[in-house]
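Commentary on secondary and tertiary structure
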Amino acid sequence: MQAVELKPNVYWVGGIDWDIRNFHGYKTWRGTTYNAYLIVDEKITLIDTVKHYLCDELIERIKSLVDPKKIDYIVSNHVEMDHSGSLPKIMEMCPNATILTSPKGQKGLEKHYEQDWKFQTVKSGEQITIGKRSLQFVHIPMVHWPDSMVTFCPEEKILFPNDAFGQHIASSHRFDDEIGWSLLKEEAAKYYANIVMPYGAQVQNALKALSDLQIEMIAPSHGIVWRTYISEIIEEYQKWSTLKSDKSAVIIYDSMWGSTEKMAHSLLAGFEKAHIPVVLRNLKENDISDIITDVLTAGIVAIGSPTLNNSMLPSVGGFLTYLLGLRPKNKIGFVFGSYGWGGQAVGDIKKSLEPLSWTYPKDEAKINYRPSEADLELMTNIGYELGEILKNNDN
Ligand code: FEO
């Protein structure tokens, strides 16, 4: 188990979760890492821990550098158990260590672990000295839990932002330039869409608070460490947090006997005719955590379902529950579907979407039983017109 040196005497000592594919419902097709960092200074400081079942990896990596008993401080940037899960074992090994955390962090850790650990709470903006280096703490509440904070080491210019700027990737590489921007952007976007999207305003506040820091390295709690694409990832966070959409569309649907599917394909043809990049996502085959990544940047979100038992298909209902929780705003919406007799699905979808305040320049499309050639042409025309509207949309 090798520790990886980020800068002299600053090491990655985390754990790599190669096999995980479901992170509380988020499909982590590439696995993930739980990153912990060790700063060897007069006060030896561990920043965050790892998920409980990778604790031995963490300990081995620490042991390759120092005796764990000598750890003075453990910074807990965030209570969630993928980062705090090894605290009980680590605190047994270093009983003299003090946990540095936000007031809400202390409360959360006490509730989760019911242990009589030594805590020192830190205020936002507070700085402590650990020897040649110091650590500065900035609270970033709701990015993405109330307790969340970041730690900055000004002497090394390293930001330890915990979940922010993370990506779920298991890799033997530790740095962004070893993997490449394209894949990292994709995984960082998926991470943002599934974990951070509801908290755009708080991300904006966090970015403002961090804007004065001289950052040379961003060492998040998941995935790789940013050292080359720092301005790129901050720019993407600016864009995602201000809900800037691309001139693109996503069509999300499920179908029973193929009619709603035909409508979806004809709609797709319309977007293509308008030269709008578009993706088609059948809920039978695609996971909602991937689809929500398409929603993050799409200017148009079209949702289709046939009517089953006087409402939409359960797959569409499940997706809408997830979508509403993540609250993507500033979208052009469109709703469509086929039906036999009742035809309630389309209206129910539209009603469900009301809290998101999307705009609907085109009325919903309902087609009885099987779409005729004329019906399909109508769907293509709607796709084309929506595409043209999007081109002239300012957002
Ligand atoms: Fe990676 Fe919010 O935990």
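All figures in this text were calculated on a predicted structure; none of them were measured in a lab. (Residues numbered from 1 in each chain as written. Predicted model: local features only at pLDDT ≥ 70, side-chain atom pairs only at ≥ 80, totals over all residues. Heavy atoms only, no water.)

1. Re the layout of surface pockets
Counted as a void, the largest pocket has a volume near 340 Å³. Lining the largest pocket are 19 residues, with Met256, Thr307, Tyr339, Gly340 and Trp341 positioned closest to its centre. Among the secondary structure elements, those contributing two or more residues to the lining of the largest pocket are α8 (259-273) and β20 (332-339). Class assignment for the residues of the lining of the largest pocket results in 7 nonpolar, 12 polar and no charged. The volume enclosed by the second largest pocket comes to roughly 170 Å³. Every residue lining the second largest pocket is listed: Lys185, Glu186, Ala189, Glu236, Lys239, Trp240, Asp246, Thr293 and Thr297. At the level of secondary structure, the elements contributing two or more residues to the lining of the second largest pocket comprise α5 (181-196), α7 (230-241) and α9 (288-297). Considered class by class, the residues forming the lining of the second largest pocket number 2 nonpolar, 2 polar and 5 charged. (1 Å grid on protein atoms, 1.4 Å probe; cavity = no way out; pocket = protein on both sides within 12 Å on 5 of 7 lines; lining within 4 Å. Points joined across faces, edges and corners; volume = space filled by probe spheres on them. Helix = DSSP H or I, 4+ residues; strand = E, 2+ residues; numbered from the N terminus. Nonpolar A, V, L, I, M, F, W, Y, C, P; charged D, E, K, R; others polar.)

2. Let's talk about the domain arrangement of the protein
Note on interface size: it is often stated as the accessible area lost on association of the parts. Under the domain assignment, the protein is made up of domain 1 (4-241) and domain 2 (250-390). Distance from the C-alpha centre of domain 1 to the C-alpha centre of domain 2: 38 Å. Residue-level contacts link 15 residues of domain 1 with 12 residues of domain 2. For the domain 1 and domain 2 pair, buried surface summed over both sides reaches about 1,100 Å², with 59% attributable to carbon and sulfur atoms. When residues of domain 1 are sorted by the area they lose upon contact with domain 2, Asn194, Met197 and Pro198 head the list and together hold 48% of the total. Lys27 serves as the salt-bridge partner of Asp287, at 3.0 Å between the closest nitrogen and oxygen. Of all elements in the fold, only β5 (26-27), α5 and α7 reach the threshold of two or more residues within the side of domain 1 that touches domain 2. The biggest single contributor to the side of domain 1 that touches domain 2 is α5, with 6 residues. Grouping the amino acids of the side of domain 1 that touches domain 2 by side-chain chemistry returns 9 nonpolar, 2 polar and 4 charged. (Domains from an automatic or database assignment. Contact = heavy atoms within 4.5 Å. Buried area = accessible area lost by both parts, 1.4 Å probe. Salt bridge = Lys/Arg side-chain N within 4 Å of Asp/Glu carboxyl O.)

3. Structural notes on the nonpolar core
Counting residues in hydrophobic clusters, the biggest one holds 86 residues, and the most contacted among them are Leu46, Trp226, Ile303, Phe319 and Leu323. The dominant element in this core, judged by the number of residues it contributes, is α5, at 8 residues. If we ignore the near neighbours within four places in the chain, the residues touching Phe319 are Ile252, Leu283, Ile288, Ile291, Ile292, Val295 and Ile303. Of all hydrophobic cores here, the second largest spans 24 residues; its members include Trp12, Ile16, Val75 and Val122. (Core = buried A, V, L, I, M, F, W, Y, C linked by side-chain atoms within 4.5 Å. Buried < 20%, exposed > 50% of the residue type's maximum accessible area, 1.4 Å probe, protein only.)

4. Describing the sheet that holds strand β1 (residues 4-7)
Here we have 7 strands laid out as an open sheet, ordered β1-β2-β7-β8-β9-β10-β11, and mixed in their pairing. This sheet does not close on itself; its edge strands, each paired only once, are β1 and β11 (119-121). The sheet shows a mean angle of 25° between the axes of neighbouring strands, taken without regard to direction. In terms of strand pairing, strand β10 (residues 98-101) meets β11 through 3 bridges, oriented parallel. Following the sheet pairing, Leu100 is matched in β11 by Gln120. (Pairing = 2+ DSSP bridges. Axes fitted to C-alpha atoms, helices over the stretch in contact; angles between N-to-C directions.)

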